[in-house]
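The chain contents come next:
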Amino acid sequence: MKEENAKKPVFSFDSVVIDCKDADSLAEFYAKMLGWRRCPAGNGWAAISNPNGTMYLYFQTEPNYEPPVWPAKPGYQQMMIHLDFDVDDLDAAVAHAISCGARLADTQYLDKVRVCIDPEGHPFCICKH
């Protein structure tokens, strides 16, 4: 059967999984920062979801996890993916993220975006569009 005649499966975006040293503590950080709820998980996994239960972040404990370097440098762990969060007040959102345990990255590139680093070293962006 030719591909153009084949029925295309329906995909919908469900979740992102983040490797880390401590799934529970990183889930707690993001739950606090985003105001999301913790979900049942176990065996080295933790999960949170948005209030509607339509988007999930999963955290997987990886004993050999190495945090990425920001900005990227040859010979160091590279960032594989990062999260972007759109906010209504950039300065207030950055201050809140820092109060939850994030830190502001030393290197910044855009006026309406702040790169922050979560407690396990993952870069994420807070954006004012």
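Structure shown above.
Just so you know, these numbers come straight off a predicted model, no measurement behind them.

Chemist: Which parts of the structure should I look at to understand the packing of aromatic side chains?
Modeler: Any aromatic ring pair is given by two values, namely how distant the centres are and how the planes are angled relative to each other. On inspection of all chains with the given rule, the structure shows 9 aromatic pairs. For the pair Tyr 30 and Phe 124, a centre-to-centre distance of 5.9 Å together with 65° between the ring planes defines the contact as edge-to-face. Of this pair, Tyr 30 sits in helix α1 (residues 23–34) while Phe 124 sits in strand β8 (residues 123–127); the two residues are 94 residues apart in sequence, bridging distant segments of the chain. The buried category is assigned to Tyr 30, whose relative accessible area is 0%. Its relative accessible area of 0% is what places Phe 124 among the buried residues. Summarising the aromatic geometry, the rings of Tyr 56 and Tyr 58 are spaced 6.0 Å apart at their centres and angled 20° between planes, so their arrangement reads as stacked.

Scoring rules and cut-offs
Residues numbered from 1 in each chain as written. Predicted model: local features only at pLDDT ≥ 70, side-chain atom pairs only at ≥ 80, totals over all residues. Heavy atoms only, no water. Phe/Tyr/Trp six-rings, centres within 6.5 Å; stacked < 30°, edge-to-face > 60°. Helix = DSSP H or I, 4+ residues; strand = E, 2+ residues; numbered from the N terminus. Buried < 20%, exposed > 50% of the residue type's maximum accessible area, 1.4 Å probe, protein only.

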